[in-house]
Amino acid sequence: MEEPLSPVVFHIHGGGWKRGSKDLAFYGSPFIASSFAKHGYVSVAPNYTLGNYPNNIMDCARAIRWTIENIEDYGGDPTRIYISGHSAGAHLATLLTLKITYLEQEGIDLRIIKGVLAISGVYDLQNPTRVGWRDNMYRYTYLYPSFGKNVDVIREASPLFNIQENMNYPPIIVMNADGFDLNLEKVSELFSEALLNSGYVSEYLEIKGTNHATVTRSNIVIRSAIDFFNRQLSIK
């Protein structure tokens, strides 16, 4: 008798879009991937082009297509994929889900994405913290090197402004550290509220005892995400 296929988690690392690697513990992928695997998931952690939008998100979409085409060989179910991301990776994970153009270009049906875990992400690229001096610093340090200065491009690449009506969006859980998290918490909560106000399933959660760098090494993140995903399955 064949073993049933396992759900898949696809985790996108952070690093301000211009650095980071799936292989480096500091950027979270090793802990996130191994922790989900301990709970019965098959984990996938891609690298992507650094410092260039839209190449970074196009790489992630292609990696999801590879996952769909190959994950059965590793015991994973290509129709049950959960996307996860931290920091810049959370931006890419949510933008992939909400602005479905990139998935469609790879022939991917959004309905196979069963949930999204967004950790300490950036959802309004132009004003990610709503703190003037910090937003200005952030633009020159992170935003402009990867996205350029065209305000239309920046807006269309912001998940907060890509929530469309009557879509098959999966449930999205949005998390932040309760310690220093680059002042991203306010917009994260607004993002989750915007999803709810548009009729989609979302929850917002702050992870106690963590900061922006350590939140991806918290077992509470893993347990809370799995609990959220399982609750949505039971509701359906």
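Below or above, wherever it landed, is the structure these notes cover. Since the model is a prediction, treat every value here as computed from it, not as a measurement. (Residues numbered from 1 in each chain as written. Predicted model: local features only at pLDDT ≥ 70, side-chain atom pairs only at ≥ 80, totals over all residues. Heavy atoms only, no water.)

1. What to know about the nonpolar core
With 51 residues, the main nonpolar core has Ile12, Leu96 and Leu125 as its most contacted residues. When residues in this core are grouped by element, the largest group, seven residues, is from helix 3 (residues 88-98). Apart from the residues lying within four places of it in its own chain, the contact partners of Ile12 are Tyr48, Cys60, Ile83, Ser84, Gly85, His86, Gly89, Leu92, Ala93 and Leu96. In this structure, Phe36, Ile119, Ile173 and Ile226 belong to the second largest nonpolar core, which totals 18 residues. (Core = buried A, V, L, I, M, F, W, Y, C linked by side-chain atoms within 4.5 Å. Buried < 20%, exposed > 50% of the residue type's maximum accessible area, 1.4 Å probe, protein only. Helix = DSSP H or I, 4+ residues; strand = E, 2+ residues; numbered from the N terminus. Contact = heavy atoms within 4.5 Å.)

2. What about the sheet that holds strand 4 (residues 113-119)?
Adjacent strands of a sheet pair through backbone hydrogen bonds, lying either parallel or antiparallel. Strand order in the open sheet formed by six strands is 2-1-3-4-5-6, and the pairing between neighbours is parallel. Of all the strands in the sheet, the pair left with one neighbour each is strand 2 (42-44) and strand 6 (202-207). Across this sheet, the average inter-strand angle for adjacent strands is 20°, counted without regard to direction. Bridge count for strand 1 (residues 6-12) against strand 2 is three bridges, and the pairing is parallel. Across the sheet, Val8 pairs through a bridge with Val42, a residue of strand 2. Lying on the sheet, helix 2 (residues 55-70) is in contact with strand 1, strand 2 and strand 3 (76-86); it crosses strand 1 at an angle near 160°. The sheet contacts of helix 7 (residues 185-197) involve strand 5 (172-177) and strand 6, and relative to strand 6 the element is tilted by about 160°. (Pairing = 2+ DSSP bridges. Axes fitted to C-alpha atoms, helices over the stretch in contact; angles between N-to-C directions.)

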